[in-house]
Amino acid sequence: MIERVEVRTFKTTAATSVDAEGHRHPAPEHEVVEALLEITDTDGVTGYCQVQPDQLRPAVLDKHVRPVLLGQDPWDRERLWRLLGRRQRGAHGGFTDRALGFVDQALWDLVARRAGLPAWKLAGGARDRIPAYASTMCGDTDGLATPGDYADFAKHLVSVGYRAIKLHTWMPPVPGAPSVPRDVEACQAVRDAVGPDVALMLDASHWYSRTEALRLGRALQELDFYWFEEPMEEASISSYRWLSEQLEIPVIGPEVAWGKHLTRAEWITAGACDILRAGPAGSGGITPVLKTVHLAESFNMDCEVHGNGAGSLTVLGATDAGRWYERGLLHPHVDFDRVPPHRNSIADPLDENGEVVLPLIPGIGDDWNFEHIGVHTLE
Ligand SMILES: O=C(O)[C@H](O)[C@@H](O)[C@@H](O)C(=O)NO
Ligand SMILES: [Mg+2]
């Protein structure tokens, strides 16, 4: 049975940081505090998930998570996930899909570690490797400052094996952002640089109106882009229906809209997207993303999993309704293969074919350095 639910914070280092709007950029290596959710059963087996402490606050653990989990069988993951999900109603926004996702991923990690299996095998075992697309960081003023920078970086990414590249272009607070003409220039420069055989996508990160999104989407069609992502606020399903009806290029979503697989069902029936999207980190965990993937399959739609990391690899190994693993966020000035002190290895090394081989260790696939974490634990 589940005996303990704790969040452990510890010191480590990072080589990236987020700006005022939450977009990640390169940074000089610096000390940071990270956190691990730990769910331990009576046999002393623990499941882990890295969390942002402000997204899984002590009050949420005390009021919602522990009352549901303590004393329960961790194998009853579906029943526990539904009980936790129903707690969101009474939490009045205090228990987010993101927080629920952390708990669900730690439960998957726990039962897979108990079984001595990779979670992706436990959840289905549809494939043991998957092509990755390079997901760039947002534009900035040093490294991804011009369309030429994106073109040069794209050529490098193809040279190391990527067969697909998604651009995040310039967003506030970068001066002059967002800008449809600059987005088009960057996409044109990348297409010119890599040629017609590399799949290209644009993630416009929700800054545009319908008319701006339509203008940008039409330009991407001319450049034969593979999908068009998040040009507008995703709360407006009718805006995405309006856009999807007018564009040939597949519109993908929703990424950040709340409501897990239920919201994604509404997007499908509203005709708001051509490719579905969900991720364990933002859409309530592995459990609801598996439901979303199965929903997409029922409509002959692809479901592209949002975000990198072990939870995403678990879903992608358990199903084949997603064609790509989102590897990133990448930048010319960031070594994405850097192993931070709190890990023994990264979960998603890229092979020479541009593919990620799914992790074979028991659990969702995180290889934690417990010696470092133990020594640098703060609480
Ligand atoms: O907002 C972010 O954290 C990033 O844009 C992130 O979601 C990025 O991974 C993304 O949009 N992928 O599609
Ligand atoms: Mg996105």
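Located above this text is the structure these notes cover.
Now for a quick tour of the structure. It should be emphasised that the depicted structure is a prediction, and the values quoted were computed from it without experimental measurement.

Conventions and cut-offs
Within each chain, residues carry numbers counting from 1 in the order of the written sequence. Chain letters start at A and ligand numbers start at 1, both assigned in the order the entries are written. For this predicted model, a pLDDT threshold of at least 70 governs which residues receive local features, and a threshold of 80 or more governs which side-chain atom pairs are given and counted, while totals over whole chains, interfaces and linings are taken from all residues. Side-chain metrics rest on all non-hydrogen atoms present in the structure, leaving aside hydrogens and water. Distances up to 2.8 Å from the metal define which N, O and S atoms are donors, and 3.2 Å serves for Na, K and Ca; water is absent from the atom set, so sites may look incomplete. Only runs of H or I of at least four residues qualify as helices and only runs of E of at least two qualify as strands under DSSP, and these elements are numbered from the N terminus. Note on exposure labels: buried denotes an accessible area under 20% of the residue type's maximum, exposed denotes more than 50%, and partly exposed covers the range between, all computed with a 1.4 Å probe on protein chains only. Put plainly, a pocket is an open set of points on a 1 Å grid over the protein atoms alone with protein on both sides within 12 Å along at least five of seven lines, a cavity is a set where a 1.4 Å probe fits but cannot get out, and a lining residue has an atom within 4 Å of a point. Grid points are joined across faces, edges and corners, and a volume is the space filled by probe spheres set on the points. Here a residue is near a molecule or strand as soon as one of its heavy atoms is found within 4 Å of it. Two N or O atoms form a polar contact when they lie within 3.5 Å of each other; inside protein one atom must be a possible hydrogen donor and the other a possible acceptor, and for residues adjacent in sequence the pair counts only when both atoms belong to side chains. Reported accessibility uses the Shrake-Rupley method at a 1.4 Å probe radius. Residues are deemed covered only where the shown protein chains occlude them. Classification convention: Asp, Glu, Lys, Arg as charged; Ala, Val, Leu, Ile, Met, Phe, Trp, Tyr, Cys, Pro as nonpolar; all other residues, Gly among them, as polar. Residue types Ala, Val, Leu, Ile, Met, Phe, Trp, Tyr and Cys, when buried and joined through side-chain atoms within 4.5 Å, form a set referred to as a nonpolar core. Contact between two residues is taken to exist if any of their heavy atoms lie within 4.5 Å; hydrogens are not considered.

A word on the coordination of the magnesium ion (ligand 2)
Every protein donor of the magnesium ion (ligand 2) is listed here as Asp203 (OD), Glu229 (OE) and Glu255 (OE), and their distances to the metal cover 2.0 to 2.1 Å. Here the donor residues for the magnesium ion (ligand 2) map to a single chain with the spacing D-x25-E-x25-E. Of this pair, Asp203 sits in strand E6 (residues 199–203) while Glu229 sits in strand E7 (residues 227–229), and the two are 26 residues apart along the sequence. A relative accessible area of 1% places Asp203 in the buried class. By relative accessible area, Glu229 is classed as buried at 0%.

Concerning the layout of surface pockets
Empty space within the second largest pocket amounts to approximately 190 Å³. Lining the second largest pocket are 14 residues, and of these His156, Leu157, Leu330, Phe336 and Asp337 sit closest to its centre. Mapped onto the lining of the second largest pocket, the elements with two or more residues apiece are helix H5 (147–159) and strand E11 (325–330). If you tally residues by element for the lining of the second largest pocket, the top one is H5, at three residues.

Describing the site of ligand 1
Around ligand 1, the neighbouring residues are Lys166, His168, Asp203, Glu229, Glu255, Arg277, His306, Glu326 and Leu329. Taking Lys166, its side chain carries an N or O atom lying 2.6 Å from an oxygen atom of ligand 1. Separating an oxygen atom of ligand 1 from a side-chain N or O atom of His306 is a distance of 2.8 Å. Protein coverage of the free-state accessible area of ligand 1, which is 320 Å², stands at 72%. Within the residue set of the shell around ligand 1, elements represented by two or more residues are strand E5 (164–168) and E11. Considered class by class, the residues forming the shell around ligand 1 number one nonpolar, two polar and six charged.

Notes on the nonpolar core
Membership of the largest hydrophobic core comes to 69 residues, with the highest contact counts inside it found for Ile165, Leu167, Leu202, Phe225, Phe228 and Leu243. Here this core takes six residues from helix H10 (residues 286–298), the largest share from any one element. When residues no more than four places from it in sequence are discounted, the contact partners of Phe228 are Leu202, Ala204, Ala213, Leu216, Gly217, Leu220, Leu243, Leu247, Ile249, Pro250, Val251 and Ile252.

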